[in-house]
Amino acid sequence: GDKYRLVFVTSGTRDATSANIADYNTFVTNQVTPTSALGLSLTANGLTPTWTAIGSTATVNAKTNTLTDPVANASTSVPIYLINGNKVATGYGDLWDASILTPIGVTESGGSAIGGAFAWAWTGTLANGTYSGPYNALGGLGTSVTVGLANVTASGWISSALADKTSNQYVYGMSSILTVPQAQPQSVPEPSSVFGYIMLGGLMLGGAIRRAKK
């Protein structure tokens, strides 16, 4: 019954010309295809989250778009993990305190976005989760938008540099709140389910079964 969220960096890229946050939410949602590692694992475990972009326009802050405002959403604060089980933040306050525990460098396909020297992700966001001004927010008035770096844990994960908003960069995606399924009697999983256990077992059924055995 434990609750948590998942985050990933998209394997696909797009521009940052739109000032409509719904466009970025749709983009990250479409990245989690039924055949992606994340999509397969969620389906195998009966989970159907919604997805939002960790990004800000001039009218919507990232912490509002993702419902992770440490004050407004304090009562629903939960830990946040990569899809490989590594913890990114202990809760919403930890997410927006200018550092995270693990870089958000794993894609929805289970691959790494940290292979190169730089893995930029559009954010339009400052370290506290608010938009980076009318000129540098997603779809802002200027020619450049704030990007984060997917291979760092300091504040640069969300606010590191500026990039031409017409260029193509990654986007961070975050799930709605998920709940670990209640423990079920142990059984040998079908081969098609094994990948789901590997990717999210520490957070979902695998973790529930381990607790039940104690």
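The shown structure was predicted, so the numbers you read here are calculated from the model rather than taken from an experiment.

(A) Region of interest: the pattern of salt bridges. Per the counting criterion, the structure on display carries two salt bridges. Between Arg-14 and Asp-15 there is a salt bridge, with the nearest N and O atoms lying 3.2 Å from each other. Take Asp-15: its relative accessible area is 24%, and that puts it in the partly exposed class. Taking the shortest distance from any N to any O, the salt bridge between Asp-69 and Lys-63 comes out at 3.9 Å. Residue classification places Lys-63 among the buried residues on the basis of a relative accessible area of 17%.

(B) Local environment of the packing of aromatic side chains. The full count for this structure, using the stated rule, is four aromatic pairs. Measuring from centroid to centroid gives 5.7 Å for Trp-157 and Tyr-172, while their planes differ by 50°, and the two rings are tilted. With Trp-157 in the loop between strand S6 (144–149) and strand S7 (161–164) and Tyr-172 in strand S8 (residues 170–175), the pair connects residues that are 15 residues apart, well separated along the chain. There is no split in this pair, since Trp-157 and Tyr-172 are both buried. Seen from the ring of Tyr-24, Arg-14 lies directly overhead, with NZ or CZ sitting 4.4 Å from the centre.

(C) Seen up close, helix H2 (residues 37–44). Listed as buried for H2 are Ala-37, Leu-38, Gly-39, Ser-41 and Leu-42. With its phi angle positive at about 70°, Gly-46 sits one or two positions after the end of H2.

Definitions and cut-offs
- Residues numbered from 1 in each chain as written.
- Predicted model: local features only at pLDDT ≥ 70, side-chain atom pairs only at ≥ 80, totals over all residues.
- Heavy atoms only, no water.
- Salt bridge = Lys/Arg side-chain N within 4 Å of Asp/Glu carboxyl O.
- Buried < 20%, exposed > 50% of the residue type's maximum accessible area, 1.4 Å probe, protein only.
- Phe/Tyr/Trp six-rings, centres within 6.5 Å; stacked < 30°, edge-to-face > 60°.
- Helix = DSSP H or I, 4+ residues; strand = E, 2+ residues; numbered from the N terminus.
- Lys NZ or Arg CZ within 6 Å of the ring centre and 35° of its normal.

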